[in-house]
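Notes for the structure review
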Amino acid sequence: NAGVTQTPKFRILKIGQSMTLQCTQDMNHNYMYWYRQDPGMGLKLIYYSVGAGITDKGEVPNGYNVSRSTTEDFPLRLELAAPSQTSVYFCASSYSKYQTVQQFFGPGTRLTVL
Amino acid sequence: GESVGLHLPTLSVQEGDNSIINCAYSNSASDYFIWYKQESGKGPQFIIDIRSNMDKRQGQRVTVLLNKTVKHLSLQIAATQPGDSAVYFCAEKATGGGADGLTFGKGTHLIIQP
């Protein structure tokens, strides 16, 4: 299994541009998450999903959108990039409601907005 | 607001010694406390968790201690090895068992001296 994969690894955006961060997992996990990690800080939850067609906001959802059309994919969309969105973005997944403490993380996407 | 935080940003230990990484939390409603390890350029990796009704839990070379009286969590790593060099995050999971993600602290950078 590849686990959780994310693309791209790096991206530089100009203010106002949009992009989609891709996340795919091949572990048949129902639960998926998006976090952002600012320099020297812990991770903050942006959005999460408990299954295909179901998404919900986390702690810092403003400026982002998500969709979950399949179990495997959970893309994160930035519509109007702002410098405050410069961060490293991690996608994660977990198997079940009762195992959500053990999340499997992807390698991250480093995004810079100039 | 309630948060999970760490006492020390950097911890330097000699190879072969035991390491102790500390964490203070303030949310008494958390049901699980978890330790994650993040190596440079990678996503966090689950190490061990402990439920709030436990005081101690052991894994392979790691022990987590929970002191609910003073709201303190610690991770002990026995016989520290070079591969243990990483940033260690404590995290907490709120009660209810929902899939709304984890709340992470800022992290402690563990440095192994040869």
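Numbering of residues starts from 1 in each chain and follows the order in which that chain's sequence is written. Here the convention is simple: chains get letters from A, ligands get numbers from 1, in the order in which they are written. Local features in a predicted model are, by the rule used here, given only for residues with pLDDT of at least 70; side-chain atom pairs are given and counted only at 80 or more, and totals for whole chains, interfaces and linings are based on all residues. Side-chain figures throughout are based on the complete set of non-hydrogen atoms in the structure, without hydrogens or water.

1. Looking at the pattern of salt bridges
All names here are of chain A. By definition here, a salt bridge exists when the distance from a side-chain nitrogen of Lys or Arg to a carboxyl oxygen of Asp or Glu is within 4 Å. One pass over the full model with this rule turns up six salt bridges over all chains. Two residues, Asp-38 and Arg-36, come together in a salt bridge whose shortest N-O distance is 2.8 Å. Buried means the residue's accessible area, taken with a 1.4 Å probe over protein chains only, is under 20% of the maximum for its type, while exposed means over 50%, and partly exposed covers the values in between. Take Asp-38: its relative accessible area is 25%, and that puts it in the partly exposed class.

2. Some remarks on the confidence of the model for chain B
Averaged over chain B, the pLDDT score is 87; the fraction of residues at 70 or greater is 88%. Every residue gets a pLDDT, meaning the predictor's confidence in that residue, from 0 to 100. In DSSP terms, a helix is any run of H or I states spanning at least four residues, a strand is any run of E spanning at least two, and both are numbered starting from the N terminus. The lowest-confidence element of chain B is strand E1 (residues 4-6) of chain B, averaging 50 in pLDDT; the highest-confidence one is strand E6 (residues 56-58) of chain B, averaging 97.

3. Quick word on the sheet that holds strand E7 (residues 64-66) of chain A
Residues and elements named next belong to chain A. Paired strands are those between which DSSP finds at least two bridges. Taken in spatial order, the four strands make up an open sheet running E1-E3-E8-E7, and their pairing is antiparallel. Because the sheet does not close on itself, it has two edges, and the strands there are strand E1 (4-7) and E7. Averaged over all pairs of adjacent strands, the angle between strand axes in this sheet comes to 20°, irrespective of strand direction. For E7 and strand E8 (residues 76-78), the ladder comprises three bridges, and the chain directions are antiparallel. Within the sheet, the bridge partner assigned to Tyr-64 lies in E8 and is Leu-78. Lines fitted to C-alpha atoms define the axes, with helix axes restricted to the stretch in contact, and inter-axis angles between N-to-C directions lie between 0 and 180 degrees.

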